[in-house]
Amino acid sequence: MLKRISPLQSEPVYRVDALRQIESEAARTLPPHSLMQRAGSAVARLAQACYPHARRVVVLAGAGNNGGDGLVAATQLHQAGRDVLVLACGAETLNEWRSRLPADAAWAWAQAQTAEVRCALDDHSTLPEADLYIDALLGLGLRGPMRAQMAEIIQGLNAQRGAPVLSVDLPSGLDADTGAATDVCVRATLTLSLLGLKPGLRTGPASSLCGTLWQDDFGVDAATHHPQVAIDATWLGADLIRPLLPDLSQSAHKGQRGDVAVIGGAAGMTGAALLAARAAAQLGAGRVFVGLLDDQAPAVDLLAPELMLRSPAALLDAQGGRTCLLVGPGAGCDDAARTYLAQALAQPVPLVLDADALNLLAATDSLQTLLRQRKPITTLLTPHPLEAARLMGVSVQAIESDRLTAARTLAQRFACWIVLKGHGTLIVSPQQTAWINATGNGLLATAGSGDVLAGSAAALLAATGKASSVLAAVWLHGQAAIHYARKHGPGGLTAATLPLWMAASWADLPYRRPRPGIDENADFC
Ligand SMILES: NC(=O)C1=CN([C@@H]2O[C@H](COP(=O)(O)OP(=O)(O)OC[C@H]3O[C@@H](n4cnc5c(N)ncnc54)[C@H](OP(=O)(O)O)[C@@H]3O)[C@@H](O)[C@H]2O)[C@@H](O)CC1
Ligand SMILES: [K+]
């Protein structure tokens with residue numbers, strides 16, 4: 001089925017190896033060339049649906065099966081009355097290009113010839129004008145750095161601004177597994193992912209080059225028909241989120257809604273801890289305590305007087321009652337912070353570590369040992385790429401070049417939950433299950449945004465006692481930014497207001513949990 005990928009609906013995500021396996025198993029049971037026929041038809045349908053008025057269509061076709069998909073689409077668009085030109089790319093002569101086509105693509109070429117689709121060799125001159133370009137240069141078969149001839153074509157395509165670009169399967173030059181790209185990569189207006197979603201379409205430094213993302217499984221439905229093929233991750237949609245959020249019972253009292261204690265806020269950085277604590281309160285924690293490391297800090301947060309300010313030592317000494325600890329926002333990296341972190345790691349309650357707690361952890365082997373010893377008590381680390389790089393002792397580039405592997409490595413190394421922030425935030429459980437968050441936008445790139453996420457995750461952990469509630473915190477955090485942008489555009493979302501938008505996004509979620517005697521469709525959220 002052809003569908004647009006959205007934050008509402010979860011989807012399985014497959015690595016290239018898994019997709020190749022699904023493809024070859026499906027091909028065995030289908031008539032020859034069926035998959036390419038279906039792939040090309042899906043491209044043509046999407047082109048017609050999204051660009052009904054595009055008269056001149058130029059299909060840039062490489063000499064692989066991605067090009068073959070483009071040829072099928074070209075034939076169908078030609079037969080539908082569009083003015084289509086196939087530009088054969090990446091060879092010195094048309095004969096050489098043709099001779100390199102694999103079997104399915106050679107069949108698609110023969111079909112295009114029979115239908116008298118206009119075809120020409122790309123001769124390095126200027127790109128012919130079009131109302132729509134279809135990028136069928138390279139798909140899953142990309143190997144190594146982009147060759148010069150192909151790079152030149154892609155640069156020409158990216159330089160034009162007049163017409164949209166529909167990428168077949170993925171923008172040419174993007175690594176489907178990692179979301180990294182070669183030096184040159186197509187910037188697509190929309191991408192049609194074939195058969196299944198790939199991680200690199202939604203996480204990694206170049207994943208935003210996909211534009212709007214669509215998918216067609218052309219009836220293969222991998223999750224149902226090929227359950228033996230491993231899903232690499234899950235695209236985290238709203239359907240998975242609602243059941244993870246706590247219910248608010250009419251008879252609830254504050255002691256049942258979870259206590260959060262936040263430790264951080266050294267001199268000059270108290271705001272970070274307060275932002276996290278306010279977020280915890282606004283996301284529904286029954287009681288929120290704050291232990292500020294700055295001993296000159298005021299005894300009350302006048303903008304959030306519901307917060308209970310104590311000393312860090314008093315919070316860590318208190319027995320019981322605290323259902324989740326958060327350490328790190330604005331904590332600094334001095335000896336006092338290190339000592340409090342060591343004490344927190346020894347507490348048998350769920351623990352969220354963010355910001356300076358992660359930097360301290362990266363620099364202190366004994367803290368890492370304490371962290372690993374906490375298993376099976378839930379611990380969540382929420383690094384951004386630089387913090388992840390410090391934790392792993394590698395460069396940021398190494399993290400970003402394969403974010404999923406990095407997040408998995410961290411989850412395994414420290415036996416805890418990881419939220420790797422950045423474009424396409426990843427959540428990985430200690431058992432290595434991975435999710436790619438479906439929400440978020442550039443509005444989240446603002447000071448304090450990470451503190452809010454950590455505070456929200458602590459609140460939901462405290463309320464539910466379930467580690468998986470971190471998925472809901474991440475999703476709501478991103479959805480808040482989408483929600484805000486829809487109402488107010490691209491400016492003005494601050495960390496302090498973010499929790500209110502998260503709460504509003506929570507209220508917007510459809511209630512999906514069936515309950516006896518209650519009309520499931522009633523809106524009683
Ligand atoms: N799997 C599925 O589910 C289905 C897959 N389908 C489709 O097949 C696609 C995969 O096709 P594929 O395997 O033929 O590879 P593809 O992307 O066309 O690239 C190969 C071409 O690129 C070239 N080339 C390579 N690296 C290069 C570089 N760095 N710089 C420049 N050139 C480079 C390489 O040249 P060569 O190395 O052979 O000289 C060869 O010409 C997939 O993405 C989807 O669209 C659907 O039809 C059906 C279901
Ligand atoms: K492509």
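Just so it is clear, the structure is predicted and the values come from calculations on it, not from any experiment.

So, how was this worked out
Residues numbered from 1 in each chain as written. Chains lettered and ligands numbered in written order. Predicted model: local features only at pLDDT ≥ 70, side-chain atom pairs only at ≥ 80, totals over all residues. Heavy atoms only, no water. Helix = DSSP H or I, 4+ residues; strand = E, 2+ residues; numbered from the N terminus. Rg over C-alpha atoms; globule rule 2.2 N^0.38 Å. Buried < 20%, exposed > 50% of the residue type's maximum accessible area, 1.4 Å probe, protein only. Contact = heavy atoms within 4.5 Å. Areas by Shrake-Rupley, 256 points an atom, 1.4 Å probe, with all protein chains shown as cover. Domains from an automatic or database assignment. Buried area = accessible area lost by both parts, 1.4 Å probe. Salt bridge = Lys/Arg side-chain N within 4 Å of Asp/Glu carboxyl O. Polar contact = N/O pair within 3.5 Å; in protein donor to acceptor, adjacent residues only side chain to side chain. Donors = N, O, S within 2.8 Å, 3.2 Å for Na, K, Ca; no water. Tetrahedral: all angles 85-135°; square planar, octahedral: opposite > 155°, others 65-115°. Near = heavy atom within 4 Å. Nonpolar A, V, L, I, M, F, W, Y, C, P; charged D, E, K, R; others polar. Pairing = 2+ DSSP bridges. Axes fitted to C-alpha atoms, helices over the stretch in contact; angles between N-to-C directions. Phe/Tyr/Trp six-rings, centres within 6.5 Å; stacked < 30°, edge-to-face > 60°.

Draft legend 1. Quick look at the overall build of the protein. Within the protein, the secondary structure is distributed over 19 helices and 19 strands. Computed over its C-alpha atoms, the radius of gyration of the protein comes to 26 Å, within 12% of the 24 Å expected for a compact globule of 525 residues. If you line up the protein on its principal axes, its C-alpha atoms span 80 × 55 × 45 Å. With 525 residues in all, the protein has 56% of them scored as buried. By sequence separation, contacts in the protein at least 24 residues apart represent 73% of the contacts at least 6 residues apart. Working note: accessible area of the protein is about 21,500 Å², and carbon and sulfur atoms make up 53% of it.

Draft legend 2. The arrangement of the domain arrangement of the protein in detail. Taken domain by domain, the protein consists of domain 1 (2-236) and domain 2 (254-508). Distance between the C-alpha centres of domain 1 and domain 2: 40 Å. The interface of domain 1 with domain 2 comprises 18 residues on the first partner and 21 residues on the second. Interface of domain 1 and domain 2: buried area, both sides summed, is about 1,500 Å²; carbon and sulfur atoms make up 60% of it. Interface area lost by domain 1 to domain 2 is led by Pro 7, Thr 203 and Leu 236, which between them contribute 38%. On inspection of domain 1 and its partner domain 2, the count reaches two salt bridges. The salt bridge involving Arg 408 is made with Asp 232; its shortest N-O contact spans 3.3 Å. If you look at where domain 1 meets domain 2, you find twelve residue pairs in polar contact (both at pLDDT 80 or more). Top element by residues in the side of domain 1 that touches domain 2 is strand S10 (residues 233-236). It accounts for four residues.

Draft legend 3. Fine view of the coordination of the potassium ion (ligand 2). For the potassium ion (ligand 2), the full set of protein donor atoms is Asn 66 (OD1), Asp 135 (O), Leu 138 (O), Val 168 (O), Leu 170 (O) and Ser 172 (OG), and the range of their distances to it is 2.7 to 3.0 Å. For the potassium ion (ligand 2), the six donor atoms in the first shell make angles of 65 to 171° at the metal, so the coordination geometry reads as irregular.

Draft legend 4. Fine view of the site of ligand 1. Among the 23 residues in the neighbourhood of ligand 1, the closest are listed as Asp 69, Gly 139, Arg 143, Asp 169 and Leu 195. Here a nitrogen atom of ligand 1 and a side-chain polar atom of Glu 23 are 2.9 Å apart. Considering ligand 1 on its own, with 940 Å² of exposed area, one finds that the protein chains cover 85% of that surface. Listed by contribution, the elements that provide at least two residues to the shell around ligand 1 are helix H1 (16-29), helix H2 (34-50) and helix H3 (65-79). Per-element accounting of the shell around ligand 1 gives the leading share, three residues, to H3. When the residues that make up the shell around ligand 1 are grouped by side-chain class, the tally is ten nonpolar, six polar and seven charged.

Draft legend 5. Expanded view of the pairing of strand S9 (residues 212-216). With four of five residues buried, S9 is to be regarded as a mostly interior element. Direction of pairing for strand S1 (residues 2-4) relative to S9: antiparallel, over a ladder of three bridges. Opposite Arg 4, over in S9, you have Trp 214 as the bridge partner. Across five bridges, the pairing between strand S8 (residues 190-194) and S9 is parallel. Across the sheet, the residue bridging to Leu 192 is Trp 214, located in S9.

Draft legend 6. Local environment of the sheet that holds strand S5 (residues 118-121). One open sheet holds the eight strands; their spatial order is S1-S9-S8-S7-S6-S3-S4-S5, and the pairing between them is mixed. The outermost strands of the open sheet, each flanked by one partner alone, are S1 and S5. Each strand axis lies, on average, 20° off the axis of its neighbour in the sheet, ignoring direction. Sheet analysis places strand S3 (residues 56-61) next to strand S6 (residues 132-136), joined by five bridges and oriented parallel. Bridging across to S6, Val 59 finds its partner in Ile 134.

Draft legend 7. Inspection of the packing of aromatic side chains at higher detail. One pass over the full model with this rule turns up three aromatic pairs. With a centroid separation of 5.9 Å and 10° between ring planes, the pair formed by Trp 417 and Trp 435 is classed as stacked. Placement of the pair is Trp 417 in strand S17 (residues 417-420) and Trp 435 in strand S19 (residues 434-437), with a sequence separation of 18 residues. Considering the side-chain rings of Tyr 484 and Trp 501, the 5.1 Å spacing of their centres and the 80° angle between planes classify their relative orientation as edge-to-face. Here Trp 501 lies in helix H19 (residues 498-508) and Tyr 484 lies in helix H18 (residues 469-488), a separation of 17 residues in the sequence. Since its relative accessible area comes to 16%, Trp 501 is described here as buried.

Draft legend 8. Expanded view of the pattern of salt bridges. Within the structure shown, the criterion is met by 15 salt bridges. Here Glu 96 and Arg 100 are joined by a salt bridge, their closest N and O atoms 3.2 Å apart. Of this pair, Glu 96 and Arg 100 both sit in helix H4 (residues 94-100), four residues apart, which is roughly one turn of that helix. With a closest N to O distance of 3.4 Å, Lys 421 and Asp 354 form a salt bridge. Here Lys 421, found in the loop between S17 and strand S18 (426-428), pairs with Asp 354, found in the loop between strand S15 (351-353) and helix H12 (356-363); they are 67 residues apart in sequence, far enough to count as distant. For Asp 354, a relative accessible area of 2% puts it in the buried group.

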